[in-house]
Amino acid sequence: MTSPASHSSTDSVAAQMLHHRADRLTPGQSLSPPLVSASTYHLPGVPEADYQYGRWAQPSWTELESALGVLEQADVAIFPSGMAAISSVLFTHLDRGDRVLIPEDGYYNTRTVAEDYLGAIGVEVELASTREYATRDLSGFALVFVETPSNPTLDVCDISAVAARTHAAGGLLVVDNTTLTPLGQRPLEHGADVVVASDTKALNGHSDVLAGHVASTDPAIMERVRTWRKLVGGIPGSFEAWLVHRGLETLDVRFERMCTSAGVLAERLSNEDLVTAVAYPGLDDHADREVIDRQMLRAGSLVGVTFADAAAAEAFIEKSAYIVPTTSFGGTHTTAERRARWGDAVPEGFVRLSVGCEPTEELWADLSRVLDELRADR
Ligand SMILES: *Cc1c(COP(=O)(O)O)cnc(C)c1O
């Protein structure tokens, strides 16, 4: 088989990702990657083998890193969770006296790790809302951390503009790309130095494993991150890596269905009298329309739906036949939760809806019935 010319359109990387292993098979090898469970490897004489001891490298990691590397068009290191991936970058790139900018409306554990652990070793942690990144003075920051769209309010910031300002000030730009995956947004192509992600969400997508990864084209960054993983010992299990590889193979089709349905539901929900607001990057009247069109390839599978109060929001989730009440997002099942229950800065009636893979019209028929029932109960 000959390889198609390498370029980074998402169709091309999605197809090449499926073939990353197929293209190097020799007769008799399995098309799916073998699941190798081993702590130690045959290692006679001078230790030069690819695999020596399980904390350092494992064949199942290599398969997943190879597939993800095609999607990211970068070197990739996998981690046992999104937080392990994020922590590996923060702890290897920040030192006493450095300043770091963290989003105050992003994933809250990132903020907590920065404040509680980096703060304790003398790193200065500053916060800004995702909207404030557009005007914030970035001079003096060793590391700028961006999460766009933010979660759960789905505000957007311009990655290339922030990259230019971060680099002009001598800093490193790290983007958490969890919500969109490499098929929905490609931060490295917009100037980010590092992408971090929780693959627990849409990337694995089956609600059955936690995982994360770090991607960068800078060998020095990847060397630090890999050394951290090897020494600190927070490593992925081989079965978990194998599961994520399996989930990843259908990311393109799953995410396409999820984003298409999310767009349809967002549009229709915004015309409903019981819904007071809908946040979705795909809506024409989103405040960040121009940046979204330039930067995002898909509008995502998350929709913020606001009802008048907590009771209406809970009833919406409860009465649906298809919405599973859970935290987290990005799985094959549609799920939702009222984010104020965690203390997010959103109205009491704000529901974060994670649209799954159910057929679009079947899902809408259910939500539409639920809204009719809520109206009748008023
Ligand atoms: C879930 C999430 C994380 C953390 O990932 P885990 O796999 O749960 O450790 C980080 N960032 C974002 C945006 C997330 O949604």
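Check the entry above for the structure.
About the criteria used
- Residues numbered from 1 in each chain as written.
- Predicted model: local features only at pLDDT ≥ 70, side-chain atom pairs only at ≥ 80, totals over all residues.
- Heavy atoms only, no water.
- Axes fitted to C-alpha atoms, helices over the stretch in contact; angles between N-to-C directions.
- Helix = DSSP H or I, 4+ residues; strand = E, 2+ residues; numbered from the N terminus.
- Parallel < 35°, antiparallel > 145°, perpendicular 65-115°, else oblique.
- Left-handed = near helix turned anticlockwise from the far one by under 90°.
- Contact = heavy atoms within 4.5 Å.
- Nonpolar A, V, L, I, M, F, W, Y, C, P; charged D, E, K, R; others polar.
- Near = heavy atom within 4 Å.
- Polar contact = N/O pair within 3.5 Å; in protein donor to acceptor, adjacent residues only side chain to side chain.
- Areas by Shrake-Rupley, 256 points an atom, 1.4 Å probe, with all protein chains shown as cover.
- Pairing = 2+ DSSP bridges.
- Buried < 20%, exposed > 50% of the residue type's maximum accessible area, 1.4 Å probe, protein only.

Student: Can you help me understand the packing of helix α2 (residues 59–72) against helix α8 (residues 238–248) in this one?
Tutor: Relative orientation and spacing of two packed helices are given, respectively, by the angle between their axes and the distance between those axes. As a packed pair, α2 and α8 sit with axes 8 Å apart at the nearest point and diverge in direction by 30°. As summarised for this structure, α2 and α8 are arranged roughly parallel, according to the angle between their axes. Relative to α8, the crossing made by α2 is left-handed. Contact with α2, carried on its side by S60, W61, E63, L64, A67, L68 and L71, involves S238, A241, V244, H245 and L248 of α8 and no other residues of that element. A class-by-class count of the residues in the contact of α2 with α8 yields eight nonpolar, three polar and one charged.

Student: It is not clear to me how the site of the ligand should be interpreted in this structure. Could you clarify?
Tutor: Surrounding the ligand, one finds 13 residues, the nearest of these being G82, D176, S198, T200 and K201. Between D176 and the ligand, the recorded distance is 2.7 Å, taken from a side-chain N or O atom to a nitrogen atom. Considered on its own, the ligand offers 380 Å² of accessible surface; in the complex 93% of this is hidden by protein. In terms of residue count, helix α3 (residues 82–93) provides more of the shell around the ligand than any other element does, three residues in total.

Student: Teacher, can you tell me more about the sheet that holds strand β8 (residues 275–279) here?
Tutor: In sheet architecture, strand pairing relies on hydrogen bonds along the backbone and comes in two forms, parallel and antiparallel. If you trace the five strands from one edge of the open sheet to the other, you get β8-β9-β12-β11-β10, paired in mixed fashion. Each edge of the sheet is formed by a strand with only one pairing partner; in this case those strands are β8 and β10 (324–325). Bridging between β8 and strand β9 (residues 302–307) involves four bridges; their strand directions are antiparallel. When the bridges of β9 are listed, A279 appears paired with G304. This element, helix α11 (residues 310–319), spans β9, β10, β11 (335–338) and β12 (350–354) of the sheet and lies at about 165° to β11.

Student: Explain the sheet that holds strand β4 (residues 143–147) here, please?
Tutor: As summarised here, the arrangement of the seven strands in space is β1-β7-β6-β5-β4-β2-β3, forming an open sheet in which the pairing is mixed. If you trace the sheet from one side to the other, it starts and ends with β1 (75–79) and β3 (124–128), each paired once. The mean inter-strand angle of the sheet, taken between neighbouring strand axes irrespective of direction, is 20°. Along the sheet, α2 makes contact with β1, β6 (194–198) and β7 (212–216), crossing β1 at roughly 130°. Across the sheet, helix α4 (residues 108–118) lies against β2 (99–103), β3 and β4, angled at about 155° from β3, the strand it touches most.

Student: Please explain the pairing of β12 as it appears in this structure.
Tutor: Counting buried positions along β12 gives five out of five residues, so the element sits mostly inside the fold. The two faces of β12 match: F350, R352 and S354 on one face and V351 and L353 on the other face are all buried. Direction of pairing for β9 relative to β12: antiparallel, over a ladder of five bridges. Counterpart to V303 in the pairing with β12 is L353. Sheet topology places β11 next to β12; four bridges connect them, and they run antiparallel. Paired with T335 across the strands is S354, a residue of β12.

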